[in-house]
Amino acid sequence: MRPSWDDYFMKIAEDAATRSTCDRALVGAVLVRDKNIIATGYNGSPRGLEHCDDIGHLMVDGHCVRTVHAEGNSIIQAAVHGVSTQDATCYVTHFPCLICSKHLINAGIKRIVYREAYRKDEIAVQMLGEAGVELVQM
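Caption draft 1: Region of interest: the overall build of the chain. Tallying secondary structure elements over the chain gives five helices and seven strands in all. Counting from the amino terminus, helix and strand elements in the chain follow one another as α-β-β-α-β-β-α-β-α-β-α-β. Computed over C-alpha atoms, the radius of gyration of the chain comes to 14 Å, within 12% of the 14 Å expected from 2.2 N^0.38 for 138 residues, which places it in the range of a compact globule. If you line up the chain on its principal axes, its C-alpha atoms span 40 × 35 × 30 Å.

This is the structure we're talking about:
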């Protein structure tokens, strides 16, 4: 059976997550506009720096701060390559944290499709709603 577009792009986000270099959360994201992938991202250290998988986690208040989140990495990838994220959909394996939610809003993302409601932040939900971002859990 042929997968729906949402299933197809979520599978690609899940594949992107396999590249994650912080095993605390293997997260992948795919930005899509007009059924075309414009950028991908996964949890990992800033470019050129060592990874959690290699040297361990850098923990602050129960969070690993060494890692750039998948959503942020996908937005950065689009920016580096000069691709607009306006009106795109973000397919992401885990519900975005509050900071990533704000980044997605400012990037012009209009729809977020996620698999897991991991640490689903009610403030993020509220802000995304106020910004008119559609939320879809698969």
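This is not the end of the story, as more comes after the structure.
Caption draft 2: Fine view of the packing of helix α3 (residues 70–80) against helix α4 (residues 98–106). The contact between α3 and α4 brings their axes to 9 Å, and the two run at 25 degrees. In terms of orientation, α3 lies roughly parallel with respect to α4. Like other packed secondary-structure pairs, α3 and α4 cross with a definite hand, here left-handed. Contacts between α3 and α4 pair Glu71, Gly72 and Ile75 from the former with Cys100, His103 and Leu104 from the latter.

Caption draft 3: Up close: the pattern of salt bridges. For the structure shown, the criterion picks out four salt bridges. Linking Arg111 and Asp6 is a salt bridge whose minimum nitrogen-to-oxygen distance equals 2.8 Å. Residue Arg111 is located in strand β6 (residues 111–116), and its partner Asp6 is located in helix α1 (residues 5–17); the two are separated by 105 residues in the primary sequence. The closest approach of N and O atoms between Glu134 and Arg111, which form a salt bridge, is 3.5 Å. Of the two residues, Glu134 sits in strand β7 (residues 134–137) while Arg111 sits in strand β6, which places them 23 residues apart along the sequence.

Caption draft 4: Focus on the packing of aromatic side chains. Tallying each qualifying case throughout the model produces five aromatic pairs. Measuring from centroid to centroid gives 5.7 Å for Trp5 and Phe9, while their planes differ by 20 degrees, and the two rings are stacked. Of this pair, Trp5 and Phe9 both sit in helix α1, four residues apart, roughly one helical turn. Look at Phe95 and Tyr114: their rings are 5.0 Å apart centre to centre, the planes differ by 85 degrees, and that puts the pair in the edge-to-face class. On the criterion of sequence distance, the pair formed by Phe95 in the loop between β5 (89–94) and α4 and Tyr114 in strand β6 is long-range, its members being 19 residues apart. Across the pair, exposure class does not vary: Phe95 and Tyr114 are buried alike.

Caption draft 5: Highlighting the side chain of Thr21. Looking at the element boundaries, Thr21 is found in the loop between α1 and β1 (28–33). Here Thr21 falls in the buried class, since its relative accessible area comes to 13%. Discounting chain neighbours no more than four positions away, the residues touching Thr21 are Asn43, Gly44, Ser45, His51, Cys52 and Asp53.

Caption draft 6: Local environment of the side chain of Asn43. Counting through the fold element by element, Asn43 comes out in the loop between β2 (36–42) and α2 (52–55). Within the structure, Asn43 has its side chain in polar contact with the backbone nitrogen of Ala70 (distance 2.8 Å). Ignoring anything within four residues of it in the chain, the contact list for Asn43 reads Ser20, Thr21, Cys22, Ala25, Val27, Thr67, Val68, His69 and Ala70.

Caption draft 7: Region of interest: the environment of Tyr8. Mapped onto the fold, Tyr8 is located in helix α1. Since its relative accessible area comes to 40%, Tyr8 is described here as partly exposed.

What counts as what
Residues numbered from 1 in each chain as written. Predicted model: local features only at pLDDT ≥ 70, side-chain atom pairs only at ≥ 80, totals over all residues. Heavy atoms only, no water. Helix = DSSP H or I, 4+ residues; strand = E, 2+ residues; numbered from the N terminus. Rg over C-alpha atoms; globule rule 2.2 N^0.38 Å. Axes fitted to C-alpha atoms, helices over the stretch in contact; angles between N-to-C directions. Parallel < 35°, antiparallel > 145°, perpendicular 65-115°, else oblique. Left-handed = near helix turned anticlockwise from the far one by under 90°. Contact = heavy atoms within 4.5 Å. Salt bridge = Lys/Arg side-chain N within 4 Å of Asp/Glu carboxyl O. Phe/Tyr/Trp six-rings, centres within 6.5 Å; stacked < 30°, edge-to-face > 60°. Buried < 20%, exposed > 50% of the residue type's maximum accessible area, 1.4 Å probe, protein only. Polar contact = N/O pair within 3.5 Å; in protein donor to acceptor, adjacent residues only side chain to side chain.

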